[in-house]
Amino acid sequence: MLLPDLPLRTDRLDLRLFTADDFAALHGYQSRSDVTRYLYFGPNDEAASREALARKRARVALREPGDVLNLAIVVRATGELVGDVLLIWTSAEHRQGELGYVLHPDHTGHGYATEAARELLRLGFDGLGLHRIVGRLDARNAASARVLTRLGMRHEAHLVQNEFVKGEWVDEAVYALLAQEWRAAGPPADRPEWGPVRRGGAGPSRCSRRRPRP
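If you're wondering where the values come from, they're calculated on a predicted model, not measured in any experiment.

Criteria and cut-off values
Residues numbered from 1 in each chain as written. Predicted model: local features only at pLDDT ≥ 70, side-chain atom pairs only at ≥ 80, totals over all residues. Heavy atoms only, no water. Phe/Tyr/Trp six-rings, centres within 6.5 Å; stacked < 30°, edge-to-face > 60°. Helix = DSSP H or I, 4+ residues; strand = E, 2+ residues; numbered from the N terminus. Lys NZ or Arg CZ within 6 Å of the ring centre and 35° of its normal. Axes fitted to C-alpha atoms, helices over the stretch in contact; angles between N-to-C directions. Parallel < 35°, antiparallel > 145°, perpendicular 65-115°, else oblique. Left-handed = near helix turned anticlockwise from the far one by under 90°. Contact = heavy atoms within 4.5 Å. Nonpolar A, V, L, I, M, F, W, Y, C, P; charged D, E, K, R; others polar.

## Some points on the packing of aromatic side chains
Part 1 of the argument: All told, the structure shown has two aromatic pairs when counted by the stated rule.
Part 2 of the argument: Ring geometry for Phe125 against Trp182: centres 5.9 Å apart, planes inclined by 35°, an arrangement best described as tilted. One end of the pair, Phe125, is in helix H4 (residues 112-127); the other, Trp182, is in helix H6 (residues 179-185), with 57 residues separating them in the sequence.
Part 3 of the argument: The residue whose ring lies beneath Arg50 is Phe23, and the NZ or CZ to ring-centre distance is 3.8 Å.

Structure, rendered in structure tokens:
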């Protein structure tokens, strides 16, 4: 079980629980076709985004397998909510989890997705004691794949026409990282990923069949 002490603070970000006041910011990216292109939902209308916000507000801890921790990504310097990140506890027996994230396109290119996702990896490995964390995405989503690569995750599989999504068969890419690999890599303090990256460098990840609703 994991009841994290929130907010989580990284060099530039606060990762906190969603509140009722976050609707406008959340709808601002869930309603965009360029954000939801590779996701299972959207673009959302206001009603769908309000339902999504209610679900996110309920994801506050990892008490048992199947639970989701979903945190808002807030840039500390400006107070802006720029996206969200999540960790799914997928198996207690096999000590496995899954990572997901999405970022507003106006805030890509600064390494925010990598910084936020790295903190969720730390929480999963060091806080929950996971052995393995994966990221799953539409194989066309090159921007999201770059984030997972910067996190040190290994491209393990390319599943051809693995899912039928929004009227088409899509390939799925699977990336993974083990706890021992995470610890062997050491702290990220001297790594360059917090600097500018190629624009569009923080596309949305898409979770697996175990995925929660957005």
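There's plenty left to go through after this.
## Let's talk about the packing of helix H1 (residues 23-30) against helix H3 (residues 46-58)
Part 1 of the argument: It is the contact of H1 with H3, at a shortest axis distance of 9 Å, that shows an interaxial angle of 120°. If you check the angle between H1 and H3, you find them oblique. As for the relative orientation of H1 and H3, their crossing is right-handed in sense. Between H1 and H3, the residues in contact are Phe23, Leu26, His27 and Gln30 and Glu46, Ser49, Arg50, Ala52, Leu53 and Lys56, respectively.
Part 2 of the argument: Taken together, the residues that form the contact of H1 with H3 break down as four nonpolar, three polar and three charged.

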